[in-house]
Protein chains: 2
Amino acid sequence: MYNLEQLRMFVESAELGSFSACARKLGKVQSAISQGIANLEIDLNLQLFDRSTRKPSLTPEGKQLFAYAEAVLRQTEELNTAVQAVGRGDEAIIRLALDNALFVPTLGPILQEFGDAFPATAIEIIYIPSTDVINLIKKQRADLGLMFSDLSFKQDVQLGFIGHVPFHAVCNPAHPLAKIDSVNVVDLIPHRQLVLRGEIATDFDQVAKISAEIWWANSFHAIEEMVKQGIGWAYMPCHLVEEAIKNKELIQLPLSFDHKPWSLSVDLIRAKNQRMGHAQGWLYGKLTHLLE
Amino acid sequence: MYNLEQLRMFVESAELGSFSACARKLGKVQSAISQGIANLEIDLNLQLFDRSTRKPSLTPEGKQLFAYAEAVLRQTEELNTAVQAVGRGDEAIIRLALDNALFVPTLGPILQEFGDAFPATAIEIIYIPSTDVINLIKKQRADLGLMFSDLSFKQDVQLGFIGHVPFHAVCNPAHPLAKIDSVNVVDLIPHRQLVLRGEIATDFDQVAKISAEIWWANSFHAIEEMVKQGIGWAYMPCHLVEEAIKNKELIQLPLSFDHKPWSLSVDLIRAKNQRMGHAQGWLYGKLTHLLE
DNA sequence: TATACATATCACCAATACTGATGGTTATTA
DNA sequence: TAATAACCATCAGTATTGGTGATATGTATA
């Protein structure tokens, strides 16, 4: 049966077009390559190289198999980098809890980069209402969390402000509020408002309450759907509704009392007194600058 | 450096939860496995198994690396099946020339099945107007071809009837013809017709000519676009326009003289006096039943 | 406590992979 | 054309590796 070293000889020799060059590259003598490939050919019962010319070149059979042999070696490279990663103690998984409103466009590239830097570490994204993030961290069911700042009890977790997420007030184009040129607070009060709330009620739920009648939902996607169906108006993260506003599915309310977009502070949190591994430390650092 | 045999020991032992069982499966003695894995652990500078219990189980590090090791072995399996295929002389590539009108829904599954049966053989689909297929085969630039039957000169190729492709006459919903309840030939004559034609003019180009004014295009996709823009009416393969008819983008003309869909015969062709390999033979057989 | 079944270790043996020398072949250069 | 340099195949000898079988030890099960 063939072995990895023979596959290496096969691929290198094919790429370099020379057994001697391959030998130099792999740190062996020429005859070792010559024999190694001859043995591989015996094992596979196929001729891989055409030696009739000066430079050995792949036979048609060799060409067909080259990509497969290369694929095996690529997999061993993957294994090697994973071994490196595990060797320096990279975590097996990092669980990141966040509200889908906080899945900002800049997060994607960070996760991409993370995957390259920590091939042996998996990422689990846990989508939950912002208000429940802190609880997941407390219960050690998540390692890092992103949440809208909350003034309530914050024992057992370490949290740091990382920036603001701007919000627009939005409604359906057919909604009565859409017809007002400049909306003030009094205008808003009689119309039903949709507000985010998770399992746990916190003071955050209260922050944005303006209207008299409030309906709740536990995700911004749900709120968006409700607003689109004219059920009420809501504050929504700008990056979630930009597209819909452009497509005229939603109207951004021109608030007379809000000259720049209203925004919420965001905290990055993790369990207190818990050591972070390499991967978590890296990700923590990157997330610190998520909203810049 | 580790080798494939050690990876096999790693994966098998982990799956079986036993070095002895692994030894039996791999046809070695227990001590070989014990040493093999110990050496692997030395090479990787990591402990893969926890031997403190009765059944050896993977350490966290072992768990992280397991999938990678398995992936390497899976790649060797791929290599092995490719070696088998190349060993029995499977072709490196098969070039199938056809008109996009003949990319019928049943072709997809056949190609899928082909990929499984002949892993070392690549498929090249050459999309050209039906009338040019025969030429590609003659010039040996394709191995198999599908084309609408053509009564012209057919030297050097072997061709066989395999079935019919039904056509609908279609036009844009805003087209004058769309307003007629039952369209007869005389109604069609004054309206511009769009007909397929390739590089080579053949008698096929003439077959479907009905209207006085004819415009040409070299693909049904182009014709479809032209019909959608109201440039004329055309005969189109049913399977290409079903969707558009359903979406009211096209109207199927109710032809008084065509009570069942007009259809064209299709031939499967290949070069005469040329030996077919396994893969080509298999595909040839399957394509014979393509339109059943 | 006895049994059955694991794993680790060790000395020994067999298979293999590598080395270095040799000879033949093919381009390149004088 | 002759000399040179670079390449590959082959082979005998050696070093390395991997496998064997025996033994000691450990751990569940009855």
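The structure under discussion appears in the preceding block.
Residues numbered from 1 in each chain as written. Chains lettered and ligands numbered in written order. Predicted model: local features only at pLDDT ≥ 70, side-chain atom pairs only at ≥ 80, totals over all residues. Heavy atoms only, no water.

It takes a turn of 180° to lay chain A on chain B, together with a shift of 0.1 Å along the axis; the resulting RMSD is 0.1 Å. Taken together, the rotation angle and the small translation identify this as a two-fold axis. Residue Val72 of chain A, judged by its C-alpha, is the member of chain A lying nearest the rotation axis, at 2.9 Å. (Least-squares fit on C-alpha atoms with pLDDT ≥ 70 in both.)

What follows is about the interface of chain A and chain B. Counting residues at the interface gives 28 residues for chain A and 28 residues for chain B. A buried area of about 2,500 Å², summed over both sides, lies between chain A and chain B, and 72% of it is on carbon and sulfur atoms. Among the residues of chain A in contact with chain B, Gln64, Tyr68 and Leu79 of chain A are the three that bury the most area, contributing 26% of the side total. Counting every contact that joins chain A to chain B gives zero salt bridges. The interface formed by chain A and chain B holds ten residue pairs in polar contact (both at pLDDT 80 or more) in total. Contributions of two or more residues to the side of chain A that touches chain B are made by α1 (4–16) and α4 (60–87) of chain A. Here the element with the most residues in the side of chain A that touches chain B is α4 of chain A; it accounts for 16 residues. The residue makeup of the side of chain A that touches chain B, split by class, is 18 nonpolar, six polar and four charged. (Contact = heavy atoms within 4.5 Å. Buried area = accessible area lost by both parts, 1.4 Å probe. Salt bridge = Lys/Arg side-chain N within 4 Å of Asp/Glu carboxyl O. Polar contact = N/O pair within 3.5 Å; in protein donor to acceptor, adjacent residues only side chain to side chain. Helix = DSSP H or I, 4+ residues; strand = E, 2+ residues; numbered from the N terminus. Nonpolar A, V, L, I, M, F, W, Y, C, P; charged D, E, K, R; others polar.)

Our focus in this paragraph is the protein's contact with DNA strand D. Neighbouring DNA strand D are 19 residues, the closest being Phe19, Ser20, Ser34 and Arg51 of chain A together with Ser31 of chain B. The sugar and phosphate moieties of DNA strand D supply 55% of its atoms located within 4 Å of the protein. Lys28 of chain B has a polar side-chain atom sitting 2.8 Å from a phosphate oxygen of DNA strand D. For the surface near DNA strand D, the secondary-structure elements that each account for two or more residues are α2 (19–26) and α3 (30–44) of chain A together with α3 (30–44) of chain B. (Near = heavy atom within 4 Å.)

Where a protein is soluble and globular, its nonpolar side chains tend to be buried together. By size, the foremost hydrophobic cluster in this structure holds 58 residues, and its most contacted members are Leu7 of chain A together with Phe10 and Leu65 of chain B. Looking at this core, the elements that each hand over two or more residues are α1, α2, α3 and α4 of chain A together with α1 (4–16), α2 (19–26), α3 and α4 (60–87) of chain B. Among residues more than four places away in sequence, those in contact with Leu7 of chain A are Tyr2, Leu40, Ala69, Val72 and Leu73 of chain A together with Leu79 of chain B. Phe114, Phe118, Leu146 and Ile162 of chain A belong to the second-largest nonpolar core, a separate cluster that totals 50 residues. (Core = buried A, V, L, I, M, F, W, Y, C linked by side-chain atoms within 4.5 Å. Buried < 20%, exposed > 50% of the residue type's maximum accessible area, 1.4 Å probe, protein only.)

This part covers the protein's contact with DNA strand C. Close contacts around DNA strand C come from 20 residues, with Ser31 of chain A together with Phe19, Ser20, Ser34 and Arg51 of chain B the closest. In this structure, a base oxygen belonging to DNA strand C sits 3.1 Å away from a side-chain N or O atom of Gln35 of chain A. The side chain of Arg51 of chain B places a nitrogen or oxygen atom 2.6 Å from a phosphate oxygen of DNA strand C. Taken together, the residues of the surface near DNA strand C sort by class into five nonpolar, ten polar and five charged.

For the rest of this paragraph, the subject is the side chain of Asp267 of chain B. All names here are of chain B. Following the sequence through the fold, Asp267 ends up in strand β11 (residues 262–271). Looking at Asp267, its side chain comes within polar contact range of the main-chain nitrogen of Phe161, at 3.2 Å. In this view, Asp267 contacts Gly145, Leu146, Met147, Ser149, Asp150, Leu159, Gly160 and Phe161; residues no more than four positions away in its chain are not counted.

Right, let's get into the pattern of salt bridges. Pairing between side chains of opposite charge can happen when their charged atoms approach one another. Tallying each qualifying case throughout the model produces 20 salt bridges over all chains. Here Lys25 of chain A and Glu12 of chain A are joined by a salt bridge, their closest N and O atoms 3.2 Å apart. In this pair, Lys25 of chain A sits in helix α2 while Glu12 of chain A sits in helix α1, placing the two residues 13 residues apart along the sequence. Looking at Lys25 of chain A, the relative accessible area reads 54%, which means it is exposed. On the basis of relative accessibility, which here comes to 15%, the residue Glu12 of chain A falls in the buried class. We note a salt bridge from Lys28 of chain B to Glu5 of chain B, for which the minimum N-O separation is 3.3 Å. Of the two residues, Lys28 of chain B sits in the loop between α2 and α3 while Glu5 of chain B sits in helix α1, which places them 23 residues apart along the sequence.

Let us now look at the packing of α1 of chain B against α2 of chain B. Residues and elements named next belong to chain B. In contact at an axis separation of 8 Å, α1 and α2 are set at 125° when each is read in the N-to-C sense. With respect to α2, the axis of α1 lies oblique. Once α1 is placed against α2, the crossing between them reads as right-handed. Every residue of α2 that contacts α1 at Arg8, Met9, Glu12, Ser13 and Leu16 is listed here: Phe19, Ala21, Cys22, Lys25 and Leu26. Here the contact of α1 with α2 is built from residues that sort into six nonpolar, one polar and three charged. (Axes fitted to C-alpha atoms, helices over the stretch in contact; angles between N-to-C directions. Parallel < 35°, antiparallel > 145°, perpendicular 65-115°, else oblique. Left-handed = near helix turned anticlockwise from the far one by under 90°.)

Right, let's get into the pairing of strand β9 (residues 233–237) of chain A. All names here are of chain A. When you tally the buried positions in β9, you get five out of five residues, the bulk of the element. Both faces of β9 are covered, namely the face carrying Trp233, Tyr235 and Pro237 and the face carrying Ala234 and Met236. Across four bridges, the pairing between strand β6 (residues 157–171) and β9 is antiparallel. Directly across from Ala169, in β9, lies its bridge partner Tyr235. Note that strand β7 (residues 193–196) and β9 share two bridges and pair parallel. Its bridge partner being in β9, Leu194 is matched across the sheet by Ala234. (Pairing = 2+ DSSP bridges.)

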